[in-house]
Amino acid sequence: MRKIPAELCVRCKASKYLCGLQYCPIMERFRSFLGVLQRIDVKEKKVDGSSPPSVLVGERGYPKVRLMFNVPPNIFGDEAKNYENPSGWWGRQTLYDIIRYRSGLLSAVKTQEITDPWSLYEKEISISAISEKPVRYDISLLSTPDVRLKFDGIVMPRGPSAPAQEIKINDNSSPSKKLEKLIFDDMRASEAIINAYLNGEDVYKLTSAMSLGLLGLKKNRKLVPTRWAITSVDSIIGSYLLSKVRENTRWIDSVEVYHASYLGNYFHVLLYPSNYHSSWIEIWYPFSLWSYETTIVELNENYWGNYDFMDGGYMAARLAVLEKMNRDRTQSGFIIIREITKEYYAPVGNWHIRETVRKAMENRIAKFDNLSDAIRFVQSRLKDQKVDLFSTNVISTAIKQRKIEDFFK
């Protein structure tokens with residue numbers, strides 16, 4: 001990798017702070033693109049490789065959607081796993097590494113009616129998306145790839161893409177026995193997701209299964225855009241866990257502060273003695289993704305699970321905290337504070353929020369007798385001390401509604 005002079009900024013969409021300070025992500029992505037093209041038989045328009053697996057369902061044109069089958073050309077077997085491995089990436093791969101992996105995937109695109117998931121199942125294409133190991137594809141393209149990197153704030157960025165003429169599966173797909181059984185069960189999708197989750201299935205396979213129309217009442221099964229499926233799975237599992245958490249009668253006896261960071265995102269989670277109530281604060285700093293000035297976003301959710309608005313990032317983080325409370329068989333209120341810095345210069349999906357908050361819930365860094373002291377502690381750790389947590393509606397409401405000392409009377 002090499003540094004670029006500031007004047008090249010006008011030729012790409014990178015934030016200007018990157019130039020002269022870090023490596024240019026745009027130029028390096030195109031370097032990866034060239035590597036993809038070199039591994040494709042451009043003349044014959046043939047692609048051979050193992051998908052991690054990775055199949056995305058788009059939302060443009062709904063109810064007729066685009067399916068993107070993502071393959072690293074000429075990469076086979078276990079080596080392909082690294083090209084999409086959220087839980088395996090955490091703490092090991094940098095933002096640059098993740099974008100490099102994703103830009104090293106070719107997306108072979110086919111169009112499909114959402115009401116016809118069965119034709120994909122019959123060809124084992126949808127089954128390949130939930131395989132426990134990489135699946136080898138043999139793809140014929142209709143044209144040479146488009147070399148524009150696509151970014152999305154919820155799903156992961158993608159590399160070059162091209163319309164597919166034909167896609168063949170050259171491996172035996174290997175979904176988990178539990179998930180394979182649920183494909184043949186005629187039950188509501190929410191029930192199937194909870195059933196599989198309680199039996200150890202991870203959310204990423206469940207998202208793929210829901211997106212490809214493999215779960216639910218058979219007469220109602222449809223393809224679901226991946227963006228929608230991600231938030232839906234987080235919401236379904238989170239709502240189930242919340243119903244269990246509300247049954248817990250034991251409150252924690254102090255205010256606990258948890259912390260973790262990754263990819264330029266810094267999370268503090270405060271648990272405090274209370275019936276369930278949650279709050280979300282996002283602080284976007286200047287030159288972070290989509291922001292040129294400090295911007296604060298707030299969200300509240302009440303005891304019954306009613307929240308101000310749907311936010312995919314919040315649903316991913318909420319799931320991680322509910323998992324912790326469910327394990328501990330406790331009930332509490334909580335506040336999640338997310339700081340997004342200029343280190344986060346490209347979106348890679350909500351997975352890193354879910355995984356970072358999961359890590360945070362294993363890392364308690366402080367305990368306090370009252371909520372105000374806990375917030376002052378977090379305030380002292382913010383990247384920008386000009387941000388006043390006490391002036392936010394979320395914090396001021398939490399403190400005014402009930403003093404923490406009241407819980408110990």
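Residues take numbers from 1 onward in each chain, read along the sequence in its written order. Under the rules for a predicted model, residues below a pLDDT of 70 receive no local features and side-chain atom pairs below 80 are neither given nor counted, while totals for whole chains, interfaces and linings still include all residues. Note that the side-chain values use all heavy atoms of the structure and ignore hydrogens as well as water.

1. Thoughts on the overall build of the protein chain
Worth spelling out the cut-off: Each helix corresponds to a stretch of at least 4 residues labelled H or I by DSSP, and each strand to a stretch of at least 2 residues labelled E; elements are numbered beginning at the N terminus. Each residue is assigned to one of three classes by its accessible area relative to the maximum for its type, calculated with a 1.4 Å probe on protein chains only: buried under 20%, partly exposed between the two thresholds, exposed over 50%. It only takes one pair of heavy atoms within 4.5 Å for two residues to be counted as in contact.
The number of helices and strands found in the protein chain is 13 helices and 12 strands. Looking at the protein chain as a whole, 57% of its 409 residues are labelled buried. Across the protein chain, the fraction of contacts at a sequence separation of at least 24, relative to all contacts at a separation of at least 6, is 74%.

2. Quick notes on helix H8 (residues 203-211)
Note the cut-off: The definition of a polar contact used here is a pair of N or O atoms within 3.5 Å, where within protein one atom must be able to donate a hydrogen and the other to accept one, and adjacent residues in sequence count solely through side-chain atom pairs.
Buried residues dominate H8, accounting for 9 of its 9 residues. Considered for burial, the residues of H8 that qualify are Val203, Tyr204, Lys205, Leu206, Thr207, Ser208, Ala209, Met210 and Ser211. Two or three places before Tyr204, at the opening of H8, Asp202 has a side-chain oxygen 2.9 Å from that residue's backbone nitrogen. The positive-phi residue at the C-terminal boundary of H8 is Gly213, with phi of around 70°.

3. Describing the packing of aromatic side chains
Just so we agree on the cut-off: When two rings of Phe, Tyr or Trp (its six-membered ring) have centres within 6.5 Å they constitute a pair, described as stacked for plane angles under 30 degrees, edge-to-face for angles over 60, and tilted for the intermediate range.
For the structure shown, the criterion picks out 13 aromatic pairs. Here the aromatic rings of Tyr62 and Trp228 are separated by 5.0 Å at their centres, their planes lie at 50°, and the arrangement is tilted. In this pair, Tyr62 is assigned in the loop between strand S2 (55-57) and strand S3 (64-71) and Trp228 in helix H9 (residues 226-245), connecting sequence segments 166 residues apart. For Trp228, a relative accessible area of 39% corresponds to the partly exposed category.

4. Here we look at the environment of Ile336
Mapped onto the fold, Ile336 is located in strand S11 (residues 333-340). Sequence separation of Ile336 and His268 is 68 residues, and the distance between their C-alpha atoms is 5.9 Å. Leave out the neighbours within four places in its chain, and Ile336 touches Phe267, His268, Val269, Ser279, Trp280, Ile281, Ala317, Arg318 and Val321.

5. Thoughts on the sheet that holds strand S6 (residues 161-169)
Threshold: Strands pair, by our definition, only if DSSP identifies at least two bridges between them. In this description, a line fitted to the C-alpha atoms serves as the axis of each element, helices being fitted only across the stretch in contact, and the angle between N-to-C directions of two axes falls anywhere from 0 to 180 degrees.
Strand order in the open sheet formed by 6 strands is S1-S5-S6-S4-S3-S2, and the pairing between neighbours is mixed. What marks the edges here is a single partner per strand, and that holds for strand S1 (46-51) and S2. Between one strand axis and the next, the sheet turns through 40° on average, direction left out of account. For S3 and strand S4 (residues 106-113), the ladder comprises 8 bridges, and the chain directions are antiparallel.

6. Quick notes on the pattern of salt bridges
The following threshold applies: Definition used for salt bridges: Asp or Glu carboxyl oxygen within 4 Å of a side-chain nitrogen of Lys or Arg.
Enumeration according to the criterion identifies 14 salt bridges in this entry. In this structure, the salt-bridge partner of Asp185 is Lys181, at a minimum N-O distance of 3.0 Å. Of the residues examined, Lys181 reaches a relative accessible area of 46% and is grouped as partly exposed. For Glu282, the salt bridge goes to Arg338, with nearest N and O atoms at 2.7 Å. Here the residue Glu282 occupies a position in strand S9 (residues 277-284), and Arg338 occupies one in strand S11, the gap between them amounting to 56 residues. Side by side, Glu282 and Arg338 carry an identical accessibility label, which is buried. Each of Glu323, Glu355 and Arg358 takes part in a single network of salt bridges with overlapping partners.

7. So, the nonpolar core
The nonpolar side chains of soluble globular proteins are, as a tendency, buried together. Counted only if it meets this: Take the buried residues of types Ala, Val, Leu, Ile, Met, Phe, Trp, Tyr and Cys, join any two whose side-chain atoms come within 4.5 Å, and each joined set is a nonpolar core.
Among the nonpolar cores identified, the biggest contains 91 residues, and Tyr137, Ile139, Leu212, Ile237, Val321 and Val357 are the most heavily contacted of them. At 9 residues, the largest contribution of residues to this core is made by helix H10 (residues 312-328). Setting aside its immediate chain neighbours within four residues, Ile139 contacts Lys45, Lys46, Val47, Val71, Ala108, Ala164, Glu166 and Ile167. Core analysis: the second largest hydrophobic core is formed by 22 residues, Val257, Tyr285, Val394 and Ile399 among them.

8. Brief notes about the packing of H8 against H9
The condition that has to hold: Oblique is the label for any angle not covered by the other classes, which are roughly parallel (under 35 degrees), roughly antiparallel (over 145) and roughly perpendicular (65 to 115). Note on convention: near helix rotated counterclockwise from far helix by under a right angle means a left-handed crossing. Clockwise means right-handed.
In contact at an axis separation of 9 Å, H8 and H9 are set at 125° when each is read in the N-to-C sense. Between H8 and H9, the crossing angle belongs to the class labelled oblique. Handedness of the crossing formed by H8 with H9: right-handed. Seen from H8, the contacting residues are Val203, Leu206, Thr207, Met210 and Ser211; seen from H9, they are Thr226, Ala229, Ile230, Ser232, Val233, Ile236 and Ile237.

9. Quick word on the confidence of the model for the protein chain
Applied cut-off: The pLDDT score gives, residue by residue, the confidence of the prediction method on a 0 to 100 scale.
Here the protein chain shows a mean pLDDT of 87. Residues at 70 or above account for 87%. This model gives residues 1-21 a pLDDT under 50, and the stretch forms 33 contacts once residues within four places in sequence are excluded.

10. Regarding the side chain of Thr207
Following the sequence through the fold, Thr207 ends up in helix H8. Looking at Thr207, the relative accessible area reads 10%, which means it is buried. Leave out the neighbours within four places in its chain, and Thr207 touches Thr226, Ala229, Ile230 and Val233.

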